[in-house]
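Given next are the chains, with one letter for each unit.
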Amino acid sequence: MEKFIVHGGSPLSGSVNISGSKNASLPILAATLLTRETCVVRRVPDVSDTNYMLQILQNLGAEVERASGTVVIRCEKLRSHEAPYDLVRKMRASVCVMGPLLARHNRADVSLPGGCVIGDRPIDLHLRGLEGLGAEARVEGGNVRLEARYGLEGREIDMSGKHGATVLGTDNVMMAAVLAKGATVITGAACEPEVVDLAEFLISMGAKISGAGTPRIEIEGVAELGGVEHTVIPDRIEAGTFLVAGAMAAKERITVKRVEPRHIESLVDLLRRCGCPVEVGDGSISVGRAENPVGANVTTDPYPGFPTDMQAQMCALFATTPGTSVVRDTIFPQRFMHASEMKRMGADIQVEDGTAVIRGVEQLSAAPVMASDLRASAALVLAALNAKGATEISRVYHIDRGYENIDDKLIQLGAEIERVPA
Ligand code: EPU
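Since we're looking at a predicted model, the values are computed, not measured.

(A) Just the layout of surface pockets, in detail. Empty space within the second largest pocket amounts to approximately 260 Å³. Lining the second largest pocket are 16 residues, and of these Ala-247, Met-248, Arg-289, Pro-293 and Thr-320 lie nearest its centre. Of all elements in the fold, only helix H8 (236–249) and helix H10 (311–318) reach the threshold of two or more residues within the lining of the second largest pocket. Among the residues forming the lining of the second largest pocket, the class breakdown is 10 nonpolar, 4 polar and 2 charged.

Here's what the structure looks like:
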């Protein structure tokens, strides 16, 4: 195990290149199971979640080669239709092999992902969607076993749940429907850019899909799909995390490059409301600290609303923003593990019913803290950047799940971070 020691107070400057999106890569890698032909996926971030996904694919029979962000996958023959517990428990997103396995093999046995520190994360909507296409689902020995004895058949499928649409659920149904007989209409579909990227990938493989990026996706099943070359979209959450770093600790401005600004409009608007100077260019965004920082009220929402994956990072910014800010997470109301760790650094945060009320303090101070999940750990790094003293953040394997070399990238901007054995 490793930990970070972050020496707070170094001003940030310069620019950083944003990696390809983790959350777009995961379902796209799973979708390579839909063809016997070779798929080339570029800009796959080298993070442990994509590594887990590649292990799962290899386990299922795929041949995988990986070199500097490009992954070449060929799954000529499926060796198994089972994603085992020891891999699935490491990464909840492994559930997105269900759709492709069902489509290609008419069967999928996937271990149930179980609990997760950001809250109860059921897969009932995934199963409802796949059952709608003709699969039977039963839970046995901790696995969900799906079988479509007579093949999958297109239907109208409603994917909306009480917390809104489901991103990976929409992906799963879309991946199953592309090879189903006849037409599928997904209503209540998630509109996230990662869903659109998956749809583009599938369309390049020969799938017939329209409406991705809207709540209604129409799919006409085809008999088979072919190989494809695809470049994954930039990671909007990594970009957002660095923008918040700039808003907290830039000397003048920092610039994030290789981004898609329209994917992070809600964050740019929020940073501007907080008084930060933000300049949006073509594929880049620059940000600086606010001269007169003000807090804000923000509520997470499905895209194009403010992303739950940026909620923790905003808590770090608000922890030292004068006045009172309120952060409400409607998607994962229990996703506030970072709050108690930030309190150990002197933050004034009260969390109740999925809402954090944050009263800005003048400065945070270093303390040993523990990363609990991916975005919470990113938020702790941000908080540590301008805390007084050296903050030790343990369990940084959480951050390595989804940020490619975050320590090196921050060091390049001027931060002082050491990665040491814990
Ligand atoms: N939900 C259900 N039933 C389901 C599925 C979801 O009730 O069958 C609920 C969830 O509990 C939650 C809401 O629906 O309240 C939305 O969850 P969603 O299914 O959209 O989440 P996900 O697809 O499992 C993806 C991202 C998450 C991100 C969420 C929300 C990937 C690999 N993961 O998860 O990313 O927070 O969408 O935008 O794409 C992260 O990167 O740190 C991360 C957790």
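(B) Seen up close, the site of the ligand. Around the ligand, 25 residues are found, and the nearest of them are Asp-124, Leu-125, Thr-166, Asp-309 and Ile-331. Arg-92 places a polar side-chain atom, nitrogen or oxygen, 2.9 Å from an oxygen atom of the ligand. Take Pro-122: an N or O atom from its main chain is 3.2 Å from an oxygen atom of the ligand. Within the complex, the protein chains bury 92% of what would otherwise be the 820 Å² of accessible surface of the ligand. Elements with a contribution of two residues or more to the shell around the ligand: helix H1 (22–31), helix H5 (124–132), helix H6 (167–177) and helix H12 (374–385). Among the residues forming the shell around the ligand, the class breakdown is 12 nonpolar, 5 polar and 8 charged. Looking at which domains feed residues into the shell around the ligand, each of domain 1 (2–19 + 234–421) and domain 2 (22–231) supplies at least three.

(C) The sheet that holds strand E22 (residues 369–370), seen in detail. Spatially, 4 strands are ordered E22-E23-E1-E24 in an open sheet, and the strand pairing comes out mixed. Each end of this open sheet is capped by a strand with a single partner; those strands are E22 and strand E24 (416–421). Helix-sheet contacts for H12 involve strand E1 (2–7), E22, strand E23 (390–394) and E24, and the interaxial angle to E23 is about 170 degrees.

(D) The pattern of salt bridges, seen in detail. Per the stated rule, a full pass over the model turns up 18 salt bridges. Among the salt bridges present, the one from Arg-401 reaches Asp-49, with a minimum N-O distance of 2.9 Å. One end of the pair, Arg-401, is in the loop between helix H13 (397–400) and helix H14 (406–412); the other, Asp-49, is in helix H2 (residues 48–60), and 352 residues separate them in sequence. Take Arg-401: its relative accessible area is 23%, and that puts it in the partly exposed class. Exposure remark for Asp-49: the relative accessible area of 1% places this residue in the buried category. Note that Glu-136 is salt-bridged to Arg-149, the shortest N-O span being 3.9 Å. Taken together, the residues Glu-136 in strand E8 (residues 136–140) and Arg-149 in the loop between strand E9 (143–147) and strand E10 (156–158) connect sequence positions 13 residues apart. Residue class for Glu-136 comes out exposed when judged on its relative accessible area of 52%. Three or more residues joined by partner-sharing salt bridges are found here, namely Glu-2, Asp-400, Asp-407 and Arg-419.

(E) Structural detail: unusual backbone geometry. The omega torsion across Tyr-303 and Pro-304 is 5 degrees, close enough to zero to call that bond cis. Topologically, Pro-304 is positioned in the loop between strand E18 (297–299) and H10. The backbone of Ser-68 sits at a positive phi, close to 30 degrees, despite the residue not being glycine. Given the relative accessible area of 80%, Ser-68 is considered exposed. With a phi close to 50 degrees, Asn-405 is a non-glycine residue in the positive phi region.

(F) Spotlight on the nonpolar core. Counting 76 residues, the largest nonpolar core has Leu-34, Val-97, Met-174 and Leu-202 as the members making the most contacts within it. Apart from residues no more than four positions distant in its own chain, Val-97 is found in contact with Ala-30, Leu-33, Met-53, Ile-56, Leu-57, Ala-83, Val-110 and Asn-172.

(G) Examining the side chain of Thr-321 more closely. Of note, Thr-321 is situated in the loop between H10 and strand E19 (324–328). At a separation of 2.8 Å, a polar atom in the side chain of Thr-321 contacts the main-chain carbonyl oxygen of Leu-317. Setting aside its immediate chain neighbours within four residues, Thr-321 contacts Pro-293, Val-294, Gly-295 and Gly-360.

Thresholds applied
- Residues numbered from 1 in each chain as written.
- Predicted model: local features only at pLDDT ≥ 70, side-chain atom pairs only at ≥ 80, totals over all residues.
- Heavy atoms only, no water.
- 1 Å grid on protein atoms, 1.4 Å probe; cavity = no way out; pocket = protein on both sides within 12 Å on 5 of 7 lines; lining within 4 Å.
- Points joined across faces, edges and corners; volume = space filled by probe spheres on them.
- Helix = DSSP H or I, 4+ residues; strand = E, 2+ residues; numbered from the N terminus.
- Nonpolar A, V, L, I, M, F, W, Y, C, P; charged D, E, K, R; others polar.
- Near = heavy atom within 4 Å.
- Polar contact = N/O pair within 3.5 Å; in protein donor to acceptor, adjacent residues only side chain to side chain.
- Areas by Shrake-Rupley, 256 points an atom, 1.4 Å probe, with all protein chains shown as cover.
- Domains from an automatic or database assignment.
- Pairing = 2+ DSSP bridges.
- Contact = heavy atoms within 4.5 Å.
- Axes fitted to C-alpha atoms, helices over the stretch in contact; angles between N-to-C directions.
- Salt bridge = Lys/Arg side-chain N within 4 Å of Asp/Glu carboxyl O.
- Buried < 20%, exposed > 50% of the residue type's maximum accessible area, 1.4 Å probe, protein only.
- Core = buried A, V, L, I, M, F, W, Y, C linked by side-chain atoms within 4.5 Å.

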